[in-house]
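# Working through the structure, step by step
Take a look at the letters that make up each chain.
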Amino acid sequence: MRWHCLQHLPDEGPGHAADWLAAHGHALTFTKLFEPNLTFPALADFDGLLILGGAMSVHDEDVFPWLRAEKAFIREALRVGKITLAICLGAQLVAEALGGEVRPNHTPEIGFWTVRFSAKSLEHPLLRGWPEKAVVLHWHMDTFTVPPGAVRVGMSAATATQGFVWGDGVIGLQFHPEMTVEMVEQLMAFEHHEHAEEQEFVQTAGQIRSKLKSVWKGRKLLEALLANLVALQGQEEGM
């Protein structure tokens with residue numbers, strides 16, 4: 001299966017997703033939106049779309065003009081039915097494209113917090129094998145409403161919408177199951193989080209480091225999700 005990745009920042013790569021795809025023989029190409037001479041692939045050149053996170057907002061088009069081109073590309077990929085996995089900023093971009101609203105959350109959510117997955121979402125084939133809850137990494141200021149026709153994936157104490165499933169093959173996750181331990185350290189450095197003070201839903205750097213083993217819980221969720229997405233693509237090709 002041919003995957004294409006939209007990457008917004010140099011240090012926020014596909015992480016565990018790239019490892020799983022490589023181990024299972026899938027191709028992975030990139031559009032790196034932080035580089036000049038931006039180009040997107042033809043829709044016929046990929047089967048699945050992976051959209052990653054980033055520090056910018058979906059509303060920052062004046063600061064990051066490439067957001068307009070990226071949004072148009074995402075809308076076209078959704079229109080033709082591309083299988084899509086979108087994470088954090090990526091999920092917000094897809095939610096907006098599908099008619100949801102992206103806005104500031106009532107509080108930042110940074111660190112490892114529990115997400116409870118909805119019973120309805122766990123019935124969806126894409127979430128086959130997921131538990132009822134998991135401690136996963138969060139790093140976001142914004143949130144989004146569930147797009148029309150989508151199913152809420154779950155919620156945390158700080159954020160009412162932790163993701164959505166739309167149709168058979170589109171899923172957006174507010175949290176970060178893709179991040180490795182090294183990526184978490186890079187993110188803390190990028191965000192100057194080393195001396196950040198603890199808040200209700202913001203953990204300190206020390207607290208985050210004490211919970212780094214939880215990245216493996218996110219990895220398990222991601223691996224099950226990718227396997228389910230690939231199985232779905234195989235079913236479609238067999239029709």
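Residues numbered from 1 in each chain as written. Predicted model: local features only at pLDDT ≥ 70, side-chain atom pairs only at ≥ 80, totals over all residues. Heavy atoms only, no water.

As annotated in an unreviewed UniProt entry, the protein carries the name Type 1 glutamine amidotransferase and comes from Hymenobacter ruricola.

## With respect to the sheet that holds strand 9 (residues 163-166)
What the seven strands build is an open sheet, ordered 2-1-3-4-10-9-7; its pairing is mixed. Strand pairing shows two members of the sheet lacking a second neighbour, strand 2 (27-32) and strand 7 (151-152), which therefore form its edges. Sheet topology note: the strand 7/strand 9 ladder contains two bridges and is antiparallel. Looking at the pairing, Val 151 lines up with Val 165 of strand 9. On top of the sheet, helix 2 (residues 66-79) reaches strand 1 (2-7), strand 3 (48-51), strand 4 (83-87) and strand 10 (170-173); it is set at about 145 degrees to strand 3, its chief contact. (Pairing = 2+ DSSP bridges. Helix = DSSP H or I, 4+ residues; strand = E, 2+ residues; numbered from the N terminus. Contact = heavy atoms within 4.5 Å. Axes fitted to C-alpha atoms, helices over the stretch in contact; angles between N-to-C directions.)

## What to know about the packing of aromatic side chains
As enumerated under the stated definition, the model contains seven aromatic pairs in all. Consider the rings of Phe 46 and Phe 73, whose centres lie 5.9 Å apart with planes at 40 degrees: the pair is tilted. Of this pair, Phe 46 sits in the loop between strand 2 and strand 3 while Phe 73 sits in helix 2; the two residues are 27 residues apart in sequence, bridging distant segments of the chain. Phe 73 sits in the buried class, given a relative accessible area of 8%. Both rings, one in Phe 117 and one in Phe 175, keep their centres 6.2 Å apart while their planes meet at 50 degrees; by these two values the pair is tilted. Taken as a pair, Phe 117 in strand 5 (residues 102-117) and Phe 175 in the loop between strand 10 and helix 5 (181-190) lie far apart in primary sequence, 58 residues in all. An aromatic cluster is present here, built from Phe 40, Phe 46 and Phe 73 joined pairwise through their rings. The lysine or arginine in question, Lys 32, covers the ring of Phe 30, its NZ or CZ lying 5.3 Å from the ring centre. The ring of Phe 46 carries the charged tip of Lys 82 above its face, separated from the ring centre by 4.9 Å. (Phe/Tyr/Trp six-rings, centres within 6.5 Å; stacked < 30°, edge-to-face > 60°. Buried < 20%, exposed > 50% of the residue type's maximum accessible area, 1.4 Å probe, protein only. Lys NZ or Arg CZ within 6 Å of the ring centre and 35° of its normal.)

## Some thoughts on the packing of helix 2 against helix 3 (residues 89-97)
Packed helices, taken two at a time, are described by the angle between their axes plus the distance between the axes. Helix 3 packs onto helix 2 with a crossing angle of 65 degrees between their chain directions and a minimal axis gap of 10 Å. Classified by the angle between their axes, helix 2 and helix 3 sit roughly perpendicular to one another. Pair helix 2 / helix 3 crosses with right-handed handedness. Contact residues: Leu 67, Glu 70, Lys 71, Ile 74, Arg 75 and Leu 78 in helix 2; Leu 93, Val 94, Glu 96 and Ala 97 in helix 3. In the contact of helix 2 with helix 3, the residues fall into six nonpolar, no polar and four charged. (Parallel < 35°, antiparallel > 145°, perpendicular 65-115°, else oblique. Left-handed = near helix turned anticlockwise from the far one by under 90°. Nonpolar A, V, L, I, M, F, W, Y, C, P; charged D, E, K, R; others polar.)

## Here we look at the UniProt feature "domain: Glutamine amidotransferase" (unreviewed entry) in the protein
UniProt feature "domain: Glutamine amidotransferase" (unreviewed entry): in the numbering of this structure it lies at residues 42-186. Helix makes up 23% of residues 42-186 and strand 34%. Its end C-alpha atoms lie 32 Å apart. (UniProt positions renumbered as here; feature names shortened; annotations may be inferred.)

## Structural notes on the pattern of salt bridges
On inspection of all chains with the given rule, the structure shows 10 salt bridges. Taking the shortest distance from any N to any O, the salt bridge between Glu 101 and Arg 103 comes out at 3.0 Å. A salt bridge links Arg 219 to Glu 223; the shortest N-O distance between them is 2.9 Å. Of the two residues, Arg 219 and Glu 223 are both situated in helix 7 (residues 215-238); the distance of four residues between them amounts to about one turn of the helix. Given the relative accessible area of 22%, Arg 219 is considered partly exposed. (Salt bridge = Lys/Arg side-chain N within 4 Å of Asp/Glu carboxyl O.)

## What about the nonpolar core?
Core analysis: the biggest nonpolar cluster contains 29 residues, and Leu 85, Trp 130, Ile 171 and Leu 226 have the highest contact counts within it. Of all the elements in the fold, those that place two or more residues in this core are strand 1, helix 1 (16-23), strand 4, strand 5, strand 6 (133-144), strand 10 and helix 7. Here this core gets six residues from one element, more than from any other, and that element is helix 7. If sequence neighbours within four positions are ignored, Ile 171 has contacts with Thr 84, Leu 85, Ala 86, Leu 126, Leu 127, Val 153, Phe 164, Val 165 and Leu 225. Membership of the second largest hydrophobic core comes to 26 residues, among which are Leu 33, Leu 78, Val 94 and Phe 144. (Core = buried A, V, L, I, M, F, W, Y, C linked by side-chain atoms within 4.5 Å.)

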